[in-house]
Amino acid sequence: MASKISPRAEIDPRAKIGDNCEIFPFVYIEGDVEIGDNCVIFPFVSILNGTRMGGHNKIHQGAVIGALPQDFNFVGEKSELIIGDHNIIRENVVINRATHRGCKTVIGNNNFLMEGAHISHDTKVGNRCVFGYGTKIAGDCEIGNGVIFSSSVIANPGTRVGRCTMVKASTTFSNDIPPYIIAGGTPVAYGGVNSLVLKYIGIDEKVQKHIANAYRLVFHGQTSVFDAIIQIKEQIPDSPEIQNVINFLTETKLGIICKI
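Residues numbered from 1 in each chain as written. Predicted model: local features only at pLDDT ≥ 70, side-chain atom pairs only at ≥ 80, totals over all residues. Heavy atoms only, no water.

Chemist: Go over the pairing of strand E27 (residues 181–184), please, and point to the residues and values.
Modeler: Residues Ile 181 and Ala 183 line one face of E27 and the alternating positions Ile 182 and Gly 184 line the opposite face, and both faces are buried. In this structure, strand E25 (residues 166–167) lies alongside E27, joined through two bridges in parallel fashion. The residue bridging Val 167 from the neighbouring strand is Ala 183, located in E27. In terms of strand pairing, E27 meets strand E28 (residues 189–193) through three bridges, oriented antiparallel. (Buried < 20%, exposed > 50% of the residue type's maximum accessible area, 1.4 Å probe, protein only. Helix = DSSP H or I, 4+ residues; strand = E, 2+ residues; numbered from the N terminus. Pairing = 2+ DSSP bridges.)

And the structure:
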């Protein structure tokens, strides 16, 4: 089905628009843009060069998609923003493309970005994440699947957040936040296992207890994270989730959030 495009939208003829899209008045789309099928672009949205968007996305008023990176290293190189399918991007959201040629900012599938969220250059976001009002994610961050940020969360550059983690409102963090937990406070600290989400996605109660025991070793033990990893391997029954915890802890470069 042909797309419904308002004559009052300003769209470069080189832009590639999929089938059955609806583009409202006063939308601005530059030439080096690809938009998949069944997308809805509401008024006053700007979609800029380097954006590659999948299907079934809804972009609400005032959003700026593919904005130039806010990075002093940016010198005008051609880079990309890759957005998957079935994302909801609400009012005044800003997503930057990557800084350097050949690099990408990536947003996965089925994410919900609430009003005023900002995803900066070269950040990688997984699937089924929620970004609360006014949340700001700095450059070069990695956000796993199923992460929930409450309102006004600030992730500083290069930080990682593991899958199925919840970060409480008004939290600012500069270290990595491991998977499957709740984190928040000043300074940000471990607040327990994110049991409601784990139950929702079908993680067995026994495995949830194993995850909780692993994090007792990490956050309540009197050892380093390195030694806690050894203890997890020795003491906690193995599972894909425990392997995710071990791998995340092993790969951290900035260190993890503080112990209680």
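Picking up where we left off.
Chemist: Residues and numbers for the sheet that holds strand E24 (residues 160–161), please.
Modeler: Pairing is parallel in the open sheet, where eight strands are placed in the order E3-E6-E9-E12-E15-E18-E21-E24. Across the chains shown, the open sheet's two edge strands, defined by having one partner strand only, are strand E3 (16–17) and E24. Direction of pairing for strand E6 (residues 34–35) relative to strand E9 (residues 51–53): parallel, over a ladder of two bridges. Within E9, the position partnered with Ile 35 by the bridge is Met 53.

Chemist: Requested: an account of unusual backbone geometry, with residues and values cited.
Modeler: With an omega of -5 degrees, the peptide bond running from Thr 186 to Pro 187 counts as cis. Position of Pro 187 among the secondary structure elements: in the loop between E27 and E28. Positive phi, close to 65 degrees, is recorded for Asn 38, a residue that is not glycine. One can find Asn 38 in the loop between E6 and strand E7 (40–41). In this structure, Phe 44 takes a positive phi of about 65 degrees despite not being glycine. Mapped onto the elements of the fold, Phe 44 is located in the loop between E7 and strand E8 (46–47). Given a relative accessible area of 53%, Phe 44 falls into the exposed group.

Chemist: Describe helix H3 (residues 225–235), listing the residues and the values that go with them.
Modeler: Inspection of H3 places Ala 228, Ile 229 and Ile 232 among the buried residues, and these make up the whole buried set. An end-on view of H3 places all buried positions within 105 degrees of arc, on one side of the element. Exposed and oriented more than 90 degrees from the buried face of H3 are Phe 226, Lys 233 and Glu 234. If you follow the buried residues of H3, they end up packed against helix H2 (205–219) and helix H4 (240–251). (Arc of directions from axis to C-beta. Contact = heavy atoms within 4.5 Å.)

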